Amino acid sequence: MRRRDEADFTEFATAAIGRLRRTAYLMCGDWHRAEDAAQDALVRIYRRWDKLNRLHGLNTYAHKVVVSVVLDQAKRPWRREHSTAEPAERPRPDEAATIDNRQLVVAALAAIPAGQRACVVLRHYADLSIEETAQVLGVSTGTVKSQTSRGLIQLRELLGERAAS
Amino acid sequence: MTDIEDLLAAAADDTDQPRRYSVDDIVQRGRRSVRRSRIAIVSTAAVTTVAIIGGLTAWSNTLNQSDGPAGTPKNQTITVDAKTGRVVDNESGTTVQAAPRMSPLSDAEVLARCKRYDHEYVQANKERGSNTFDKAGTIDARWKVLLKSGNQQRLEALFLAPDKSIVSSCTMEATKRPRTNGRYSTTEAFKVGDAPEDKQPQAVQAHVRVPVADPAYVLVNLAGETTPRLALIGPDGYYTLGYPTWEQIYKPTKNATWEDWQPAVQRVRAYDAAGKRVYDWKYQKVEPPKPTPVPADVKIKVQAAITPDVELTKDPETGKPLVATPPVSPESDDRIRDRCKKPDDSYFKSGGPPGDQRTIDAGKITPDWKIVLKTGTGIDFTALLVSPGDNVVIWCHMYDKADHYDYGRSGVPATGKFGVGLEWGQVPDGVAQIIVDLPQTGPVKALISNGYFIWGLTGGNSVIKNVRVRGYDAQGKKVYDAKHDVDADPSGR
């Protein structure tokens, strides 16, 4: 890589690493893994830097890579995700405890299917559009919409916020 | 920002999570990665090996090791033919597949072939901060060759660190053609779960060792095979099935979810010199706890329509005009059923979400499904369909092209009432008219139909807001007032 390109990459990585790490954390619920994923994603981007269109879609591509890395990580047995429709105990929010709330959110995210989780995180945390999310996940925009919708419903149910009235 | 976005942002707050890597570290790693891309390949391959042979584990029983061979039930023994060396598994009555051959290579040659790739693997882990348990360094002449199998080309070897903390595995397709490398702790466990069996050392979890002192025989059952394999045994319970062509026997489909994976190793048994079983491990898939199912005969309870004496046109609290009631969709019921079949078919193709059999038992959309509510203009609509058994509701949103849809199936709760959800609700008892306070458009008078209500073309790019929902009786008296999270974007886009 040329020196100038490397400087461009460094600038991009500096701006992106925190956000990628946080996105990965919401996807996997483990800061250590999240940092590994963000680092792996940026190294992959480094390797393809010369070939990437840096004016358009770089952020989308970075998220695509980090999501891919997180999903690959999840296939390792000692990092296995326990995806369940109904967790053993539904987390209930405790408004008095911020830390607990964070853990509740992360636990609730972990309890919804990976596809829905990715849609919710990319749409509602990473601020990607429907089209960008579809591009990241390699699915149709319709799927993104329905997966996001279902994910939000499940997430709210798990967080005990949906009124039973 | 929605409440969910707030929650996600708070959950992802990393102010108390200092980074272990700088961008410079990443650039350095990127440079090395470009120069030595093969390292990454080897590292990935090593991970793949463990992914296949690992898995959630559970020990099937506690063995009573004080039983003598004579008192051991036959199905817990093996029979060894002294002449041929053949081993018969008395539990299944089958002859066990032969153990792999010991490698003809000298220990020094094995070390020489593996050392370089072990070093690269260790370095790669170090660069990415993985395997922090591994402080034994690269294999060298001080490491003990525990096992070596293969021929002049192929090689599977296990090395034990001088301090016995780490087992290094090395698999070579040929000289200078590494296939996988692995490093396993002899004391620490992979973090699989919290069960006692998940606390076995990595070497046991990775199926290179049985936690039994000097077993005479180790039998391994692999997924898809009818007879067990005899392992090549080393000291201290270490074993190998040899060059792992067997790892290819189980291949999940490309798009398999993690739950679809089954580890290749299904069972590991160890026997003493008398042929008595002294260790038995079986793979057991851990099933998530299942919710208590709602009986199928619980039907949806809907309130009969109440005709208001006074039609609300203004907000009773502010006097401001209400936003017009969402229109009834011009699409025919048949057309709605027909267009909703596409996502409905997808639902059944995917098997639907686990947990509520009623949503499956209700079957696909047929003319017997009732359209209880439909709103929209032109070809865009949001509709509710109720199953013939009156216990399942489909929410179906179609916008613009058929591809742009939202869809969901819900079984009615045990109470017989859904209440108010994100996209639609059931009319509360005694309520004749409903006002939903949408933040963008202002208070909207909801469309009520057959005991259900909706405040716009819900679905599409949802904007979830916590809003006030008010219900008024036939005389215009407020009888219901509650806040709910709803899709507050009624545009359907």
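Note that the structure is predicted; figures quoted are calculated from it, not measured.

Participant: Let's hear about the sheet that holds strand E23 (residues 452–454) of chain B: which residues, and what values?
Facilitator: Residues and elements named next belong to chain B. Ordered in space as E19-E23-E22, the three strands form an open sheet in which the pairing is antiparallel. With one partner strand each, in any of the chains shown, strand E19 (425–426) and strand E22 (447–449) form the two edges of the open sheet. Sheet topology note: the E19/E23 ladder contains two bridges and is antiparallel. When the bridges of E23 are listed, Gln426 appears paired with Tyr452.

Participant: I'd like a rundown of the pairing of strand E21 (residues 442–445) of chain B, residues and numbers included.
Facilitator: Residues and elements named next belong to chain B. Note: strand E20 (residues 433–438) against E21, four bridges, orientation antiparallel. Bridge pairing in E21 links Leu438 to Gly442. Taken together, E20 and the strand that follows it, E21, pair antiparallel across an intervening segment of three residues.

Participant: Describe the pairing of strand E6 (residues 155–160) of chain B, and please don't skip the residues or the numbers.
Facilitator: Residue and element names in this part refer to chain B. A large share of E6 lies buried, amounting to six of its six residues. Residues Leu155, Ala157 and Phe159 point to one face of E6 and Glu156, Leu158 and Leu160 to the other, with burial holding for every one of them. In this sheet, E6 lies alongside strand E5 (residues 144–150) in antiparallel orientation, the contact comprising six bridges. Considered in E6, the bridge of Val145 is made with Phe159.

Participant: Outline the confidence of the model for chain A, listing residues and values.
Facilitator: All names here are of chain A. For chain A, mean pLDDT is 73; residues scoring 70 or higher make up 74% of the total. Segment residues 75–99: pLDDT under 50, and 63 contacts once partners within four positions in sequence are set aside and those in other chains are kept. Scored below 50 in pLDDT, residues 161–165 shows 17 contacts in the model against residues more than four places distant or in partner chains.

Calculation rules
- Residues numbered from 1 in each chain as written.
- Chains lettered and ligands numbered in written order.
- Predicted model: local features only at pLDDT ≥ 70, side-chain atom pairs only at ≥ 80, totals over all residues.
- Heavy atoms only, no water.
- Pairing = 2+ DSSP bridges.
- Helix = DSSP H or I, 4+ residues; strand = E, 2+ residues; numbered from the N terminus.
- Buried < 20%, exposed > 50% of the residue type's maximum accessible area, 1.4 Å probe, protein only.
- pLDDT = per-residue confidence, 0-100.
- Contact = heavy atoms within 4.5 Å.

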